[in-house]
Amino acid sequence: MTFVVTDSCIRCKYTDCVEVCPVDCFREGKYFLVIDPDECIDCNLCVPECPVDAIHAEDDVPEDQKHFTELNATLSKKLPSITAKKDPLPDAEKWEKEKNKLGTLPPEELE
């Protein structure tokens, strides 16, 4: 099993989770993070670090966000690794409570 970054991370991109990952499985897009399922060791250390509850065990991903499992797998092969905490996006607080943010991304972010 792996962990999956879901919709809540989009346009916030808090990176507290990155610092605790023992295997550096996070990948960084411009507006959000994903987890490489081939690198994740299912340690659960990242889950409590996420201030917006964006990380879920693969089996516990909310039904309306199951598509993020495949999105993480696909994008993790293309995005660069992130291994150190960075500042969140400038308007992260504005986006924290928003839902269904995937449609707010430019198409090139998802390719």
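Attention here is on the structure that accompanies the text. (Residues numbered from 1 in each chain as written. Predicted model: local features only at pLDDT ≥ 70, side-chain atom pairs only at ≥ 80, totals over all residues. Heavy atoms only, no water.)

Thoughts on the packing of aromatic side chains
A full pass over the atoms with the stated rule returns zero aromatic pairs. One Lys or Arg, R11, reaches over the ring of W95 and ends 5.2 Å from the middle of that ring. (Phe/Tyr/Trp six-rings, centres within 6.5 Å; stacked < 30°, edge-to-face > 60°. Lys NZ or Arg CZ within 6 Å of the ring centre and 35° of its normal.)

With respect to the layout of surface pockets
Taken as a whole, the largest pocket holds about 150 Å³ of empty space. Residue lining of the largest pocket: D7, S8, V52, D53, D64, Q65, K99 and N100, and that is the complete set. Taken together, the residues of the lining of the largest pocket sort by class into one nonpolar, three polar and four charged. (1 Å grid on protein atoms, 1.4 Å probe; cavity = no way out; pocket = protein on both sides within 12 Å on 5 of 7 lines; lining within 4 Å. Points joined across faces, edges and corners; volume = space filled by probe spheres on them. Nonpolar A, V, L, I, M, F, W, Y, C, P; charged D, E, K, R; others polar.)

Topic: the nonpolar core
A general tendency of soluble globular proteins is for nonpolar side chains to be buried together. If you look at the biggest cluster of nonpolar residues, it comprises 34 residues, and the most contacted ones within it are C17, F26, F32, L33, I35 and I55. Elements supplying a minimum of two residues to this core: β1 (3-5), α1 (16-20), β3 (33-35), β4 (55-57), α2 (67-75) and α3 (92-95). The residues touching I55, leaving out its near neighbours within four places in the chain, are F3, V4, V5, C17, F26, I35, C46, V47 and C50. (Core = buried A, V, L, I, M, F, W, Y, C linked by side-chain atoms within 4.5 Å. Buried < 20%, exposed > 50% of the residue type's maximum accessible area, 1.4 Å probe, protein only. Helix = DSSP H or I, 4+ residues; strand = E, 2+ residues; numbered from the N terminus. Contact = heavy atoms within 4.5 Å.)

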